[in-house]
Amino acid sequence: MTTSKIHSNIIFSQKVADELEKIVKQYPAGKRFLLTEETPRQLCLPQLEKLIDDYGIQVTSIAGGETNKSIRSVEKVWEFLSKNGADRKSLLINIGGGMLTDLGGFVASTFKRGMAFVNLPTTLLAQVDASLGGKTGINFNGLKNEIGVFNEPDAVIINTGFLKTIDFQNFLSGYAEMLKHGLIKNPAHWDELMNYSLANIDYDALQEIIAHSVAVKDWHVQNDLTEKNIRKALNFGHTVGHAFESYALHSGRPILHGYAVVYGMLVELYLSAKVCGFNQNQLKTISQWMLKVYGKFDITPSDYDSLYELMTHDKKNEGSRINFTLISEIGQVAINQDCSKELIFEALDFYREL
């Protein structure tokens, strides 16, 4: 399978310290900073210990988890940078999952009106999605990624070895975004994901598959950085998925982002069948596979109004209409689709009855 050209700032390497050193040496002494979270600090930073010591990189960390993707965490990092003399000529290295790279990118983009940053994603979700494409941000008022800016990192270094530090649920969470990439753009990528053994993860083979997924994300970003047009394709599954994710958090039953995206894709595949003619047999086959692998977040009809209200807050909406990205077939997207409240509730019925 061929891969389209990937943006030059995305680096695939098993020699993370060597690649990072090429970047770090370009910045003055005392102007090199590193942000991480608790788990990667313990499991991933040891292989960078010599680099950190040699270049005097100043390290800070925040607590992991979506609840810490907040303005309070941002303030903590701003204070760290300010106290240690960071300025516009500084570099911030973000090492962690999607929450950390989102937040770190936002911190770097806003401190002193902007400093350079690089991402070293340590989860599959971050490697194929969150750390790429220039979306940075934090949660606010119970809404996911409500505050943020578009600003691409100077580099993203992807190392599949880091993935050995995450559990299977977090692996599946990232795999969900890869599934989305296959559905919206690349039938061959979809097929290789269906044929990849989740029961026996081959990390060497995975690097090439990740590259195919990254190529899909990168193509959309490079053609539409600020999401005015075709980049909206990447939102497939996310209009409903973000609603599931926020509702789950509010109701004390938090779910991982990728799981929420899968549940969102199940609902939006039904909408795709109704609005865009997506094949009913494929809808059934894909739904059964996703259900088997990801299970389900249980809802009742009494939850529908709350989920719908959360969808109305989606950042992609225009005016009072909820803006969906749907697919007519695998690899063919239809952006800016409008669905009635009645049809959305019908799709939630489909999901609930799976």
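Residues numbered from 1 in each chain as written. Predicted model: local features only at pLDDT ≥ 70, side-chain atom pairs only at ≥ 80, totals over all residues. Heavy atoms only, no water.

- Per an unreviewed UniProt entry, the recorded name for the protein chain is 3-dehydroquinate synthase, and the organism is Sunxiuqinia elliptica.
- Of the protein chain, the UniProt comment under Pathway (unreviewed entry) reads exactly: "Metabolic intermediate biosynthesis; chorismate biosynthesis; chorismate from D-erythrose 4-phosphate and phosphoenolpyruvate: step 2/7."
- Entered under Subcellular location (unreviewed entry) in the UniProt record, the comment concerning the protein chain runs "Cytoplasm". (UniProt positions renumbered as here; feature names shortened; annotations may be inferred.)

## Thoughts on the overall build of the protein chain
Next up, step 1: Helices and strands together make up the secondary structure of the protein chain, namely 14 helices and 10 strands.
Next up, step 2: A compact globule built from 354 residues would reach a C-alpha radius of gyration of about 20 Å, and the protein chain, at 20 Å, matches this within 12%.
Next up, step 3: Counting only C-alpha atoms and orienting by the principal axes, one finds that the protein chain spans roughly 60 × 40 × 35 Å.
Next up, step 4: Sorting the 354 residues of the protein chain into buried and exposed places 57% on the buried side.
Next up, step 5: A fraction of 77% describes how many contacts in the protein chain between residues 6 or more apart in sequence connect residues 24 or more apart.
Next up, step 6: In the form shown here, the protein chain has an accessible surface area of approximately 14,700 Å², with 47% of it arising from carbon and sulfur atoms.
Next up, step 7: A distance of 5 Å separates the average location of the 35 positive side-chain charges in the protein chain from that of its 41 negative side-chain charges. (Helix = DSSP H or I, 4+ residues; strand = E, 2+ residues; numbered from the N terminus. Rg over C-alpha atoms; globule rule 2.2 N^0.38 Å. Buried < 20%, exposed > 50% of the residue type's maximum accessible area, 1.4 Å probe, protein only. Contact = heavy atoms within 4.5 Å. Areas by Shrake-Rupley, 256 points an atom, 1.4 Å probe, with all protein chains shown as cover. Lys, Arg positive; Asp, Glu negative; His and termini not counted. Charge placed at Lys NZ, Arg CZ, Asp CG, Glu CD.)

## Some points on the packing of aromatic side chains
Next up, step 1: Summed over the entire model, instances satisfying the criterion amount to 12 aromatic pairs.
Next up, step 2: Ring geometry for Y308 and F345: centres 6.1 Å apart, planes at 85°, overall edge-to-face. Placement of the pair is Y308 in helix α13 (residues 304-311) and F345 in helix α14 (residues 341-353), with a sequence separation of 37 residues.
Next up, step 3: Chaining the aromatic ring pairs together yields one cluster made of F168, F171, Y175 and Y196.
Next up, step 4: One Lys or Arg, K185, reaches over the ring of W219 and ends 3.6 Å from the middle of that ring.
Next up, step 5: Above the face of the Y351 ring, K296 is positioned so that its terminal group lies 5.8 Å from the ring centre. (Phe/Tyr/Trp six-rings, centres within 6.5 Å; stacked < 30°, edge-to-face > 60°. Lys NZ or Arg CZ within 6 Å of the ring centre and 35° of its normal.)

## A closer look at helix α12 (residues 280-294)
Next up, step 1: Across its 15 residues, α12 extends 21 Å between first and last C-alpha, which sits within 8% of the 21 Å expected from 1.5 Å per residue.
Next up, step 2: Among the residues making up α12, those that are buried are L283, I286, S287, M290 and Y294. Projection of α12 onto a plane perpendicular to its axis shows the buried side chains occupying an angular sector of 105°, all on one side. Turned more than 90 degrees from where α12 packs its buried face, N281, K284, T285 and K292 sit exposed.
Next up, step 3: Taking the backbone nitrogen of N281 as reference, a side-chain oxygen 2.8 Å away marks N279 as the first, capping residue of α12.
Next up, step 4: In the segment just after α12, G295 is the residue with positive phi, at about 65°. (Expected span 1.5 Å × (residues − 1). Arc of directions from axis to C-beta. Polar contact = N/O pair within 3.5 Å; in protein donor to acceptor, adjacent residues only side chain to side chain.)

## Digging into the nonpolar core
Within soluble globular proteins, side chains that are nonpolar tend to cluster in buried spots.
Next up, step 1: Membership of the largest hydrophobic core comes to 74 residues, with the highest contact counts inside it found for Y175 and F244.
Next up, step 2: Counting residues per element, this core draws most heavily on helix α11 (residues 257-276), which supplies 13 residues.
Next up, step 3: Split by domain, this core shows at least three residues from each of two domains, domain 1 (9-165) and domain 2 (168-353).
Next up, step 4: Setting aside residues up to four positions removed in sequence, F244 forms contacts with I255, A260, Y263, G264, V267, F297, I299, L307, L348 and Y351.
Next up, step 5: If you look at the next biggest cluster of nonpolar residues, it comprises 23 residues, including L34, C44, I52 and I57. (Core = buried A, V, L, I, M, F, W, Y, C linked by side-chain atoms within 4.5 Å. Domains from an automatic or database assignment.)

## Thoughts on the domain arrangement of the protein chain
Many structure descriptions define interface size as the accessible area lost when the parts assemble.
Next up, step 1: Domain assignment breaks the protein chain into domain 1 (9-165) and domain 2 (168-353).
Next up, step 2: On a C-alpha basis, the centres of domain 1 and domain 2 stand 26 Å from each other.
Next up, step 3: Counting from both sides, the interface comprises 24 residues of domain 1 and, opposite them, 33 residues of domain 2.
Next up, step 4: Around 2,500 Å² of area is buried between domain 1 and domain 2 when both sides are counted, 65% of it from carbon and sulfur atoms.
Next up, step 5: It is L124, V128 and K144 that lose the most area in domain 1 upon contact with domain 2, and together they represent 23% of the buried surface on that side.
Next up, step 6: The tally of links between domain 1 and domain 2 comes to 2 salt bridges.
Next up, step 7: Notably, a salt bridge pairs D129 with K217, separated by 2.9 Å at the nearest N-O pair.
Next up, step 8: Listing elements by their share of the side of domain 1 that touches domain 2, those giving two or more residues are β1 (10-12), α6 (124-130) and β7 (143-147). (Buried area = accessible area lost by both parts, 1.4 Å probe. Salt bridge = Lys/Arg side-chain N within 4 Å of Asp/Glu carboxyl O.)

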